Amino acid sequence: MPNAIQPPKAKIIPKILEKHGHSRTDNYYWLNERENPEVIDYLNQENEYYQKSTAHTKDFQNNLFEEMKARIKEDDESVPYFYNGYYYITRFEKGKDYPIHTRKKGSLEAPEEIMFDCNEMAKGHAYFNLAGLSVSEDNIWVSFGVDTVSRRQYTIQIKNLQTGEILPVKIENTTGGATWASDNQTLFYSRKDEQTLRPDKIYKHKLGTTADKDVLVFFEKDETFDVSVYKSKSKKYIIINSNSTMTTEYRMVLSATPDAKFTVFQKRTRGLEYSMSHFGDHFYIVTNKDKATNFKLMKTPETATTKDKWIDVIPHREEVLLEDIDIFKDYLVVTERYNGLNQIRIMPWNGEGDYYLPFDSETFTAYTTTNLDFDTEILRYSFQSLTTPSSVIDFNMRTKTKTVLKEQEVLGGNFDKHNYEEKRIWATAKDGTKIPISMVYRKGMQKNGKNPTLLYAYGSYGVTMDCYFSTVRLSLLDRGFIYAIAHIRGGEDLGRPWYENGKLLKKKNTFTDFIDCSEFLIEQQYTSNQHLYAEGGSAGGLLMGAVVNMAPYLYNGVIAQVPFVDVVTTMLDDSIPLTTGEYDEWGNPNEKKYYDYMLSYSPYDNVVAQEYPNLYVSTGLHDSQVQYWEPAKWVAKLRVMKTNNNQLYLDTNMDAGHGGASGRFEAIKEIAKEYSFLLDLEGIKK
């Protein structure tokens, strides 16, 4: 039996934390000492306990991994996209973990130029990620960012695509992204604060100079803002974006004159959010101006960009969330969300009849993808659903005809989408709000309360959890699982108010919505508390921590990936990456009302002596978003407090960070661990 092996117990070193006249005792505060050998030793002991306790599932894990890997086309490649005279293609080769980035000049029949083979670049690194490829307008230079630690601190380098030479210059501690001015000599990029990892500075690098000569163009002093830099699709402007949870500000310079001074588009006004796209002699602005909660589209002349000059193009609608726009020479494409579902609207500039792309499912995702070409009547978008593999489609906006360029292949010969059923149901929350749940299962499922069910949710930052197809998920569905997504408040699934009602002093709606969805699935006989499982990661891991404190009896097992569980201590530490930028999401605990409210739900602070479900908790030693010590402290406290012998595992990846392993198939090994945890609890052995 797994529980015969004794779990490690972390040393107790009480630390008193005081704020607002209130004191808390944190017995495991010392686990935040990343360099302390005793901390590393404890994490290794937890890993060893997890390995020994699950040794009986090792073969099953390997079989699951091979089964999931076998569905994936190993020698795969992306749909080519055309940009500035070249077709760009990313491809994978059989047996290799990393992508190969290539391009072809003018035609798909042209010889392939390999820009980067990440398999070669990753040699000798336990973790490798290439990001932020940016090609100069003359097609000679490409800048790229490399991270070999998994803390999202990228080193930017520059390669000559004609000679293959990589220049000696290395620009450290950046976001990886960069953008070239039209002179093909000037590169703009954002750099991070060394400690907090907040992108706070925009620099300008001149080709042929050393990095220490780079010029600081903009410094974002406000610690609640991040900065980034990019070029408008029209290529006319270099644009700096300062962004916080509730407020945005842009500044710009003509791409042709990169040494000129940046001018502010519309100065920041707390609560005013906007994004802008350039077309012709106007800017088009998606904004919440004038209390447009669900956003509206406005426009303004290039010469007069302040908000008093903006005029409505698409007015605000109570029931429709305006998410994004894509601008083409003859068409405006608007991405909207109505009743929780994506809509893509085509609007010819000449005013001749706008229309929506037809979608006939309730559990689908459709979004515009790589549309870099301005002068085209082709819109590229992607479509998938819980039962339908992802497709990339080229749609002719004039003739209204579509070409499916690629449908994700599911290898192995066993997949037929007609064997599965997908549907959307609505649970009623305690306050009467209807919460949508999307679900998929094999046809023939009986509502008898005995179906193992995995309920997933996120519920923060206004992130919408769209329904997506997953080849690895088939390993659960084919073993009788129902997979469900709870579209709880805190996301933006049903518009901006859905988000507003699940943040700050309304955050607990996120947790109670998930509990209400869980109870609804049990009431409706889809499953029972002996067969219901919950899963969430990062802020969704906070959700898992909250619900196991509030309603542990509802779940047989819970997966918490890189969980944000020590909310109060983290939000009081402004040296930790991300903290200051999070105040508009969670509140600033330096104010007593937010401190008290956070303290009432923070998972670590609310662990009590009670029976807890079986728990599998994962983290990464180098995680820059949720520090490893949060889950480590949480598990240490649960070990002492929980009153039953259910499984409790802490699995720390000692090489990786927030996104987990970097290799294409390494990530599947992590999913195989999670699935074997669930299937083992169900007594499913193969």
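See the structure shown above.
Residues numbered from 1 in each chain as written. Predicted model: local features only at pLDDT ≥ 70, side-chain atom pairs only at ≥ 80, totals over all residues. Heavy atoms only, no water.

1. Overview of the overall build of the protein chain
Helix and strand counts for the protein chain come out as twelve helices and 37 strands. Against the 2.2 N^0.38 benchmark of 26 Å for 686 residues, the protein chain shows a C-alpha radius of gyration of 25 Å, consistent with a compact globule. In terms of principal-axis extent, the alpha carbons of the protein chain reach across some 70 × 55 × 50 Å. Counting over 686 residues, the protein chain shows a buried share of 58%. Long-range pairs, those at least 24 residues apart, make up 56% of the contacts in the protein chain with a sequence separation of at least 6. The average position of the 82 basic charges and that of the 95 acidic charges among the side chains of the protein chain differ by 1 Å. (Helix = DSSP H or I, 4+ residues; strand = E, 2+ residues; numbered from the N terminus. Rg over C-alpha atoms; globule rule 2.2 N^0.38 Å. Buried < 20%, exposed > 50% of the residue type's maximum accessible area, 1.4 Å probe, protein only. Contact = heavy atoms within 4.5 Å. Lys, Arg positive; Asp, Glu negative; His and termini not counted. Charge placed at Lys NZ, Arg CZ, Asp CG, Glu CD.)

2. Some remarks on the nonpolar core
Counting residues in hydrophobic clusters, the biggest one holds 107 residues, and the most contacted among them are I437, L455, F514, Y555, W634 and L678. Setting aside residues up to four positions removed in sequence, I437 forms contacts with K423, R424, I425, A427, L455, A484, I485, H487, C517, F520 and L521. Judged by nonpolar contacts, the second largest core, of 16 residues, contains I344, F364, A366 and Y381. (Core = buried A, V, L, I, M, F, W, Y, C linked by side-chain atoms within 4.5 Å.)

3. Side note on the state of the cysteines
In the structure shown here, the tally under the stated rule is zero disulfides. Cysteine C517 remains unbridged, with the sulfur of C467 as its closest cysteine sulfur at 13 Å. Residue class for C517 comes out buried when judged on its relative accessible area of 0%. (Disulfide = S-S within 2.5 Å.)

4. Some remarks on unusual backbone geometry
One non-glycine residue, N84, adopts positive backbone phi at about 55°. On the secondary structure map, N84 appears in the loop between β3 (81-83) and β4 (86-91). Note on N84: relative accessible area 27%, which makes it partly exposed. Positive phi values are uncommon outside glycine, yet N184 reaches one of about 60°. As for its placement among the helices and strands, N184 is situated in the loop between β10 (171-180) and β11 (186-192). According to the relative accessible area criterion, N184 is buried, its value standing at 11%.

5. Remarks on the packing of helix α1 (residues 37-53) against helix α11 (residues 629-641)
For the pair α1 and α11, the least separation of the axes is 12 Å and the interaxial angle reads 65°. As α1 packs across α11, the resulting crossing turns out to be left-handed. Residues Y42, L43, E46 and Y49 of α1 lie in contact with α11, whose contacting residues are A632, V635, A636 and R639. Residue classes in the contact of α1 with α11 are distributed as six nonpolar, no polar and two charged. (Axes fitted to C-alpha atoms, helices over the stretch in contact; angles between N-to-C directions. Left-handed = near helix turned anticlockwise from the far one by under 90°. Nonpolar A, V, L, I, M, F, W, Y, C, P; charged D, E, K, R; others polar.)

6. Here's the deal with empty space enclosed by the protein
For the structure on display, the rule yields two cavities of 30 Å³ or more. Approximately 90 Å³ is the volume attributed to the largest cavity. Of the residues in the lining of the largest cavity, the class split is six nonpolar, five polar and five charged. Every residue along the wall of the second largest cavity is listed here: Y50, T54, T57, Q647, Y649, S676, F677 and D680. In terms of residue count, helix α12 (residues 666-681) provides more of the lining of the second largest cavity than any other element does, three residues in total. Of the residues belonging to the lining of the second largest cavity, the class tally is three nonpolar, four polar and one charged. (1 Å grid on protein atoms, 1.4 Å probe; cavity = no way out; pocket = protein on both sides within 12 Å on 5 of 7 lines; lining within 4 Å. Points joined across faces, edges and corners; volume = space filled by probe spheres on them.)

7. Observations concerning the sheet that holds strand β17 (residues 263-264)
As summarised here, the arrangement of the four strands in space is β14-β15-β16-β17, forming an open sheet in which the pairing is antiparallel. Because the sheet does not close on itself, it has two edges, and the strands there are β14 (226-231) and β17. Across seven bridges, the pairing between strand β15 (residues 237-243) and strand β16 (residues 248-254) is antiparallel. In the sheet register, I239 faces β16, and the bridge partner there is M252. (Pairing = 2+ DSSP bridges.)

8. Focus on the pattern of salt bridges
Taken as a whole and assessed by the stated rule, the structure comprises 51 salt bridges. With its nearest N and O atoms 3.2 Å apart, the salt bridge here joins R24 to D605. Of this pair, R24 sits in strand β2 (residues 22-26) while D605 sits in the loop between α10 (592-601) and β36 (614-620); the two residues are 581 residues apart in sequence, bridging distant segments of the chain. Given a relative accessible area of 21%, D605 falls into the partly exposed group. Each of E273, E492, R496, E500 and K503 takes part in salt bridges that share partners, so that together they form one network. (Salt bridge = Lys/Arg side-chain N within 4 Å of Asp/Glu carboxyl O.)

9. Describing helix α2 (residues 58-70)
Between its terminal C-alpha atoms α2 stretches 18 Å, which fits the 18 Å expected from 13 residues at 1.5 Å a residue. Among all positions of α2, only F60, Q61, L64, F65 and M68 are buried. Seen from one end, α2 has its buried residues packed into an arc of 140°, which puts them on one side. (Expected span 1.5 Å × (residues − 1). Arc of directions from axis to C-beta.)

10. Comments concerning the pairing of strand β37 (residues 648-653)
Counting buried positions along β37 gives five out of six residues, so the element sits mostly inside the fold. Bridge count between β36 and β37: six bridges; the pairing is parallel. Bridged to L615 within β37 is L648.

11. Examining the pairing of β36
Among the seven residues in β36, seven count as buried, and that is most of the element. Burial along β36 is two-sided: the residues N614, Y616, S618 and G620 and L615, V617 and T619 are all buried. Both strand β35 (residues 557-561) and β36 contribute to a ladder of five bridges, which runs parallel. The partner of A560 across the bridge, within β36, is V617.

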